[in-house]
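Reading the structure
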Amino acid sequence: MTRNIVRTAVVSVGCTECQNIDGLGFDFIMAFQPIVNVRTRTTFAYEALVRGVNGESAASILDQVNDENRYRFDQACRVKAIERATQLGLLSIPECKLSINFLPNAVYRAETCIRATLEAARLFGFPPERLMFEVTEGERVDDPIHLKGIFEEYERQGFTTSIDDFGSGYSGLNLLAMFQPHVLKIDMALTRNIDKDPVRTAIVEGVVLVAKRLNIMIVAEGVETCEESDTLLGLGVDLMQGYLFARPDTSRLALAIFS
């Protein structure tokens, strides 16, 4: 996408326009999955995940995103997530955050592109300080300096920042060396069967040590068994997300199940 295309989109799309997805070319809804603190048995956040209106996967929706609609899709995701999370009662859960994935290549200028998000927060009475933004692994980050600038602006706005899928794709140590988010989410490829794999255990143990020294919170993604959860808890990872606790749900904020 050229910068000229993005600039045009930025000045023409706001919260109201993002609620009307006619210009996007396809429709989608939001599912929510909890991120839980296993030690305190509380919910830290709910992550908003795109789904098709007939239950189609996130991949099928993202396959329809291109250079022409990337900015509008990114903005629409933010507005839909805030609106739906408010409707489902997220604000009634003390200190619980709403985590929203964003496409770094859709953001031309952070302070301008955040306008629709702030408008939506005001419209639905959602405190901006309870928003968390995750940079997605799916897009290649060709300009890490630009991404660093986005994170710095989001921190200035009071948002929590997060690197998603750490250890997979483009979300590696090079990004962490460029900027340090509030939260680092360890990819499920590293957490899956960690209780049986000394190599994965050693890698996650190292990531936890680095995060602790940098004052970064760790979330383990894709946790599916009690054994994985126990091993991660023993390594000092309190925050977890996965089918063991709850699956993504479009109709409600599913309560986490603790063993």
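Figured I'd write up the structure that's included with this text. The shown structure was predicted, so the numbers you read here are calculated from the model rather than taken from an experiment.

The subject of this paragraph is helix H10 (residues 198–213). The end-to-end C-alpha distance of H10, which contains 16 residues, comes to 23 Å, matching closely the 22 Å that a straight helix rising 1.5 Å per residue would cover. Where H10 is concerned, the buried positions are Val204, Val207, Val208 and Ala211. Down the axis of H10, the buried side of the element spans an arc of 100 degrees, and every buried residue falls inside it. For H10, the exposed residues set more than 90 degrees away from the buried face come down to Pro198, Val199 and Arg213. In this structure, the buried side of H10 is in contact with strand S5 (160–166), strand S6 (183–186), helix H9 (188–191), strand S7 (217–220) and helix H11 (226–234). With a side-chain oxygen positioned 2.9 Å from the backbone nitrogen of valine 199, the residue opening H10 is aspartate 197. One or two positions beyond H10, positive phi appears at asparagine 215, with a value near 60 degrees.

We now examine the pairing of strand S1 (residues 29–37). Most of S1 sits out of view: eight of its nine residues are buried. In this structure, S1 lies alongside strand S2 (residues 42–51), joined through nine bridges in antiparallel fashion. From the neighbouring strand, proline 34 faces S2, where its bridge partner is tyrosine 46. Connecting S1 to the antiparallel partner S2 that follows it, the hairpin turn spans four residues, and arginine 41 within it adopts a positive phi of roughly 55 degrees.

To continue, consider the packing of aromatic side chains. One pass over the structure, following the stated rule, counts eleven aromatic pairs. For the pair phenylalanine 26 and phenylalanine 28, a centre-to-centre distance of 6.4 Å together with 45 degrees between the ring planes defines the contact as tilted. On the basis of relative accessibility, which here comes to 0%, the residue phenylalanine 28 falls in the buried class. Relative to phenylalanine 179, the ring of phenylalanine 151 has its centre 4.9 Å away and its plane inclined at 75 degrees; by these criteria the two rings are edge-to-face. Of this pair, phenylalanine 151 sits in helix H7 (residues 144–156) while phenylalanine 179 sits in the loop between helix H8 (173–178) and S6, and the two are 28 residues apart along the sequence. For the residue pair phenylalanine 151 and phenylalanine 179, the accessibility class agrees, reading buried in each case. An aromatic cluster is defined as three or more aromatic residues linked by ring pairs; in this entry it consists of Phe102, Phe133, Phe151, Tyr154, Phe159 and Phe179.

What counts, and at which threshold
Every residue gets a number counted from 1 within its own chain, in the order that chain's sequence is written. Local features in this predicted model are restricted to residues whose pLDDT is 70 or higher, and side-chain atom pairs enter the listing and the counts only when it is 80 or higher, whereas totals over whole chains, interfaces and linings include all residues. The basis for every side-chain value is the complete set of heavy atoms in the structure, and neither hydrogens nor water enter the calculation. Helical segments are the DSSP runs of H or I of at least four residues, strand segments are the runs of E of at least two, and each set is numbered from the N terminus. The length a helix should cover is 1.5 Å for every residue beyond the first. Exposure categories follow from relative accessible area, calculated using a 1.4 Å probe and restricted to protein chains: below 20% of the type maximum is buried, above 50% is exposed, and the middle band is partly exposed. Our arc is simply the arc of the directions from the helix axis toward the C-beta atoms. By the convention used here, residues are in contact when the closest approach between their heavy atoms is within 4.5 Å. Two N or O atoms form a polar contact when they lie within 3.5 Å of each other; inside protein one atom must be a possible hydrogen donor and the other a possible acceptor, and for residues adjacent in sequence the pair counts only when both atoms belong to side chains. Any two strands between which DSSP finds at least two bridges are classified as paired. Classification of ring pairs rests on two measures: the distance between centres of Phe, Tyr or Trp rings, Trp counted by its six-membered ring, which must be within 6.5 Å, and the angle between planes, read as stacked under 30 degrees, edge-to-face over 60 and tilted in between.

Functional significance is not addressed by these values, which are geometric in nature.
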